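Coordinates in review
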Amino acid sequence: ILRPTFAALAEIEGKTGQSLITLAKRLANGEATLAELQAIIACGLRGAGQPVPPDLPQHMASTGLLNLIEPLLNFIIGALTGETAGEPAKEASNG
């Protein structure tokens, strides 16, 4: 499970050198690099308080790199829109 904490999102941007919006576009267009995919997963795991497995690249390959794109895109979009786990963004309260 990946967690889009502020620290995790800032780390993703720092490690990839790309804004979250640019990464979302790159994922949607199938242009994300392996290093970007790995950074998103590793930073999201750390954000969730989970250890990053030392064999993460092997896990990625066995999962199928194309199979990673949609969930990672959903993770980034969720972070940008305030939606997590398929739940709608919470509206700010007025009182």
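Each remark here, short or long, concerns the structure printed above.
Overview of the structure.

Rules behind the numbers
Residues numbered from 1 in each chain as written. Predicted model: local features only at pLDDT ≥ 70, side-chain atom pairs only at ≥ 80, totals over all residues. Heavy atoms only, no water. Helix = DSSP H or I, 4+ residues; strand = E, 2+ residues; numbered from the N terminus. Buried < 20%, exposed > 50% of the residue type's maximum accessible area, 1.4 Å probe, protein only. Contact = heavy atoms within 4.5 Å. Salt bridge = Lys/Arg side-chain N within 4 Å of Asp/Glu carboxyl O. Axes fitted to C-alpha atoms, helices over the stretch in contact; angles between N-to-C directions. Parallel < 35°, antiparallel > 145°, perpendicular 65-115°, else oblique. Nonpolar A, V, L, I, M, F, W, Y, C, P; charged D, E, K, R; others polar. Left-handed = near helix turned anticlockwise from the far one by under 90°.

**A word on the overall build of the protein**
- Tallying secondary structure elements over the protein gives five helices and zero strands in all.
- For the protein, the N- to C-terminal ordering of α and β elements is α-α-α-α-α.
- Buried residues in the protein amount to 28% of all 95 residues.
- If you take every contact in the protein between residues at least 6 apart in sequence, the share linking residues at least 24 apart comes to 61%.

**Concerning the pattern of salt bridges**
- Under the definition given, this model contains two salt bridges.
- Between Glu11 and Arg46 there is a salt bridge, with its nearest N and O atoms 2.7 Å apart. Remark: Arg46 occurs in helix α3 (residues 34-47) and Glu11 occurs in helix α1 (residues 6-16); sequence separation between them is 35 residues.
- With a relative accessible area of 25%, Glu11 lands in the partly exposed category.
- Of the charged contacts, one joins Arg26 and Glu36 as a salt bridge, the two residues approaching to 3.1 Å between their closest N and O atoms. Remark: Glu36 occurs in helix α3 and Arg26 occurs in helix α2 (residues 20-28); sequence separation between them is 10 residues. Both residues of the pair, Arg26 and Glu36, count as buried.

**Here we look at the environment of Ala48**
- Relative to the assigned elements, Ala48 resides in the loop between α3 and α4 (56-63).
- Between the C-alpha atom of Ala48 and that of Pro4, which follows or precedes it by 44 residues, the distance is 7.8 Å.
- Those residues in contact with Ala48, other than ones at most four positions away along the chain, are Ile1, Leu2 and Arg3.

**What about the packing of α3 against α4?**
- Running from N to C, α3 and α4 point in directions that differ by 110°, and their axes come no closer than 11 Å. In terms of orientation, α3 and α4 fall into the roughly perpendicular class. On the side of α3, the interface is formed by Leu34, Leu37, Gln38, Ile41 and Ala42, while α4 contributes Leu56, Pro57 and Met60.
- By residue class, the composition of the contact of α3 with α4 is seven nonpolar, one polar and no charged.

**Concerning the packing of α1 against α3**
- Two numbers describe how α1 lies on α3: the axes approach to 9 Å, and their chain directions differ by 155°. Accordingly, the angle class assigned to the pair α1 and α3 is roughly antiparallel. The crossing of α1 and α3 is right-handed. Counted together, Ala8, Glu11, Ile12, Lys15 and Thr16 of α1 and Glu36, Ala39, Ile40, Cys43, Arg46 and Gly47 of α3 form the full contact between these two elements.

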